Amino acid sequence: MILRVSRYRPGVDAEPVFQEYEVPDRADWAILDALNHVKDAVDGTLSFRWSCRMGICGSCGMNVNGEPKLTCGTFLTDYTGPVTVEPLRGFPVIRDLVVDIDPFLANLSKVSPWLIREGEEPDSEYAQTPEQLEAYKQYSMCINCMLCYSACPVYVLDPDFLGPAAIALAQRYNLDSRDMGDRFDVLSAEEGVWGCTFVGECTSACPKHVDPAEAIQRYKLTAALRSVLPFTRRRP
Amino acid sequence: MTYSPPRDRLWFLRRRAYLVFVLRELTSLFVAWSVVYLILLLDAAAGGALPAFWAWAAGPWVLAVNVLALGATVFHSVTFLNLAPKATVIRLDGWRVPGFMISGGNYSAWLAVSVLILWVLS
């Protein structure tokens, strides 16, 4: 099996170039295993991110044959011909397959992705019913792998767009019965939910079956209602 | 020193899903045309100029545009209604109403309004 890997070496390459590596076509190898084989046995200068190898950490997201994928969960047997591996689109490339994730982290921090509470801390844990858990559980499965950003043409064309994962995670807390925060100003801005044109590819790309497109459309409805009824608090 | 690729002006040709999305957006032009056509029709009806309007509307170019507009607006409406469940999450005593029921409700409303308009016109 031939791997066509995008290489970018700052100070050496003016722009990314492809380099081909031949790797064993093993049925149990994911793309990440093949990249690690190259790194260990063929070319130690190849750079890429990875960690858990089981779809939890979200580190190994790359474009495989043009599609954003977690390389630990995408297998060589899924492809017949040469496999092209490129860095995630929409992010500056630091080196080879390693992208600069600072723009994503900056967007993520804007939505305050944590439980916001007011008043005194309770003496015991915050209890929730199964229904209250179900309201936000889907969005809590996000692993920040950024595949949705790479799949989103709006974000690739306009990096000011808050992006699918950040908005889905904002909804993860908005819909949490324990949260008392208000993220309206950030989410209802032009570069917030209204930047989304509903291509829907973020949902298709998500390896954890989160539905960012749904999160965004739902908040558009919320934001529209709050704009009409500005006196309405998030959780009356 | 990071590398940022130049803007891809043909991004919508890179994936089928992007192309379908752009086509869906372009159908908005025909939706806008349909609105203009209806306003012209109402204006003609109010001004007693319906015969002149029908004569103009029977012209080959207007007919061709309206046939195209019909296809485009149906495509736009169907894709819009299919996406409605994404924005509308309804829970009844903890049970989430399935998407097909929300879409079905929208299609039923569309059908009912169409039948009503047909009845008024006939």
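Residues numbered from 1 in each chain as written. Chains lettered and ligands numbered in written order. Predicted model: local features only at pLDDT ≥ 70, side-chain atom pairs only at ≥ 80, totals over all residues.

An unreviewed UniProt entry annotates chain B as Fumarate reductase subunit C originating from Acrocarpospora phusangensis.

For chain A, an unreviewed UniProt entry supplies the name Fumarate reductase iron-sulfur subunit and the organism Acrocarpospora phusangensis. Under the UniProt heading Pathway (unreviewed entry), the entry covering chain A gives this text: "Carbohydrate metabolism; tricarboxylic acid cycle." Per UniProt, the comment on chain A under Sequence similarities (unreviewed entry) is "Belongs to the succinate dehydrogenase/fumarate reductase iron-sulfur protein family." (UniProt positions renumbered as here; feature names shortened; annotations may be inferred.)

A. The packing of helix α3 (residues 130-140) of chain A against helix α6 (residues 164-174) of chain A, seen in detail. Residues and elements named next belong to chain A. Viewed as axis vectors pointing N to C, α3 and α6 meet at an angle of 155 degrees, and their least axial separation amounts to 8 Å. In terms of orientation, α3 lies roughly antiparallel with respect to α6. Read as a crossing pair, α3 and α6 show a hand that is left-handed. Touching Tyr136, Tyr139 and Ser140 of α3 are Ala168, Leu169, Gln171 and Arg172, all from α6. Class assignment of the residues belonging to the contact of α3 with α6 gives a composition of 4 nonpolar, 2 polar and 1 charged. (Axes fitted to C-alpha atoms, helices over the stretch in contact; angles between N-to-C directions. Helix = DSSP H or I, 4+ residues; strand = E, 2+ residues; numbered from the N terminus. Parallel < 35°, antiparallel > 145°, perpendicular 65-115°, else oblique. Left-handed = near helix turned anticlockwise from the far one by under 90°. Contact = placed C-beta atoms within 7 Å. Nonpolar A, V, L, I, M, F, W, Y, C, P; charged D, E, K, R; others polar.)

B. Representation of unusual backbone geometry in the model. Residue and element names in this part refer to chain A. One non-glycine residue with positive phi stands out, namely Asp96, at about 45 degrees. Even without being glycine, His209 reaches a positive phi, approximately 60 degrees. Overall, His209 belongs to the exposed group, with 8 C-beta atoms counted inside 10 Å. (Buried ≥ 20, exposed ≤ 12 C-beta atoms within 10 Å, placed from the backbone.)

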